[in-house]
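# Notes for the structure review
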Amino acid sequence: MRRHNHRGAGSKRMAGLMAFVLILCAAPARALTTAEHSFDELVALSEQILVGTVTDIASAWGQGREAGTIFSTIRLNAIETIKGPAPDGAYTLKVIGGVVGDQAQFYPGLPQFQSGQRYLLFIRGNRRAMFPITGVTQGFYRVQWDSRAERLLAVPANGGGSVALGRSLHGHADQGRGRPLQGLISDIRASMVRGE
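Quick look at the structure, then. Fair warning: this is a prediction, and the values are worked out from it, not measured in the lab.

### With respect to the sheet that holds strand S2 (residues 48-61)
Read from one edge of the open sheet, seven strands run S4-S3-S2-S7-S8-S9-S10, paired in antiparallel fashion. Because the sheet does not close on itself, it has two edges, and the strands there are strand S4 (91-96) and strand S10 (179-180).

### Focus on the pattern of salt bridges
Scanning the entire structure with this criterion turns up four salt bridges. Here Asp40 ties to Arg194 by a salt bridge, and the two come within 2.6 Å at their closest N and O atoms. Separated by 154 residues along the polypeptide, Asp40 in helix H2 (residues 39-45) and Arg194 in helix H4 (residues 181-195) bring together distant segments of the chain.

### What to know about the environment of Gln105
The residue Gln105 is located in strand S6 (residues 103-106) in this model. Separated by 35 residues in sequence, Gln105 and Ile70 place their C-alpha atoms 6.5 Å apart. A polar contact is formed between the side chain of Gln105 and the backbone nitrogen of Ile70, at a distance of 2.8 Å.

### Regarding the nonpolar core
Formed by 20 residues in total, the largest nonpolar core has its most connected members in Leu76, Leu93, Phe113, Leu121, Ile123, Phe131 and Ile133. Elements that contribute at least two residues to this core include exactly S2, strand S3 (70-83), S4 and strand S7 (118-123). When residues of this core are assigned to their parent elements, the largest contribution, four residues, is made by S4. When near neighbours in sequence (up to four residues on either side) are disregarded, Ile133 contacts Leu93, Phe113, Leu121, Phe122, Ile123, Gly139 and Phe140. Counting 15 residues, the second-largest nonpolar core is a separate cluster that includes Val51, Ile82, Phe122 and Leu181.

### Let's talk about the environment of Asn126
By the element assignment, Asn126 lies in the loop between S7 and strand S8 (140-146). Classification of Asn126 as buried rests on a relative accessible area of 15%. Along the primary structure Asn126 and Val95 are separated by 31 residues, whereas in three dimensions their C-alpha atoms are 8.2 Å apart. The contacts of Asn126, once residues within four sequence positions are left out, are Glu47, Tyr91, Thr92, Leu93, Lys94 and Pro132. At 3.2 Å, the side chain of Asn126 and the side chain of Tyr91 are in polar contact.

### Here's the deal with the environment of Leu93
As for its position among the elements, Leu93 is in strand S4. For the pair formed by Leu93 and Gly125, sequence separation is 32 residues and the distance between their alpha carbons is 9.7 Å.

### Some points on H4
Here H4 contains 15 residues, and its C-alpha end-to-end distance of 21 Å stays within 8% of the 21 Å for a straight helix at 1.5 Å per residue. Considered for burial, the residues of H4 that qualify are Leu181, Gly183, Leu184, Ile185, Asp187, Ile188 and Ser191.

### Some points on the pairing of S8
Regular strands have side chains that alternate between both faces of the sheet. Pairing of S7 with S8, which is carried by four bridges, proceeds in the antiparallel orientation. Paired with Tyr119 across the strands is Arg142, a residue of S8. When S8 meets strand S9 (residues 151-156), the two strands line up antiparallel, connected through six bridges. The residue of S9 that forms the bridge with Tyr141 is Pro156. Remark: four residues form the turn of the hairpin made by S8 and S9, two consecutive strands paired antiparallel; Glu150 in that turn has positive phi of roughly 50 degrees.

### Structural notes on the packing of aromatic side chains
One pass over the structure, following the stated rule, counts four aromatic pairs. Consider the rings of Phe113 and Tyr119, whose centres lie 5.2 Å apart with planes at 70 degrees: the pair is edge-to-face. Taken as a pair, Phe113 and Tyr119 share a single burial class, namely buried. Ring geometry for Phe122 versus Tyr141: centroids 6.1 Å apart, planes at 45 degrees, classification tilted. Taken as a pair, Phe122 in strand S7 and Tyr141 in strand S8 lie far apart in primary sequence, 19 residues in all. Classification of Phe122 as buried rests on a relative accessible area of 0%. Judged by its relative accessible area of 0%, Tyr141 falls in the buried class. One aromatic cluster is present, formed by Phe113, Tyr119 and Phe140 through successive ring pairs. The ring of Phe71 carries Lys94 above its face, with NZ or CZ at 4.6 Å from the centroid.

What counts, and at which threshold
- Residues numbered from 1 in each chain as written.
- Predicted model: local features only at pLDDT ≥ 70, side-chain atom pairs only at ≥ 80, totals over all residues.
- Heavy atoms only, no water.
- Pairing = 2+ DSSP bridges.
- Helix = DSSP H or I, 4+ residues; strand = E, 2+ residues; numbered from the N terminus.
- Salt bridge = Lys/Arg side-chain N within 4 Å of Asp/Glu carboxyl O.
- Polar contact = N/O pair within 3.5 Å; in protein donor to acceptor, adjacent residues only side chain to side chain.
- Core = buried A, V, L, I, M, F, W, Y, C linked by side-chain atoms within 4.5 Å.
- Buried < 20%, exposed > 50% of the residue type's maximum accessible area, 1.4 Å probe, protein only.
- Contact = heavy atoms within 4.5 Å.
- Expected span 1.5 Å × (residues − 1).
- Phe/Tyr/Trp six-rings, centres within 6.5 Å; stacked < 30°, edge-to-face > 60°.
- Lys NZ or Arg CZ within 6 Å of the ring centre and 35° of its normal.

Encoded structure:
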């Protein structure tokens, strides 16, 4: 975790140490670690899979045993549900990290959400896990327009190394550029049928 504030050096060290201890006490370490999943495992483990656009990111200090830890609420609109119950209107995710006033908490390895960006997300443990994206980077795709091919691409958070891109699935992937969004959605639906 990187922690920034504008206090003196001694206060910075003490605040950083206290935040680290509180984070260790607030949730089990497994919430920030993950094993590599196969594509079918990623689909099966996810409670929800959806495509949505971030319209708002609001950060606040945690309460109770989460005090001293910053959490962000990510609001998604224009939802396309692939798996799980369809949200009634907007969908919100609660993730660890963010900025409150002059203090920020970021965690290396966790992908960052950006307002206005569209994502395809594999979700597990929303409001229970510290970062409720299945497989952390494995279940996090930015949706981007490929003007050369004139189609939407799903670009993985880990720069192209996702298991979903590493298999011979529907559609083709350019290393680091992603793969056709509709092809990935078709593969998710096919995996769901195989898992029934």
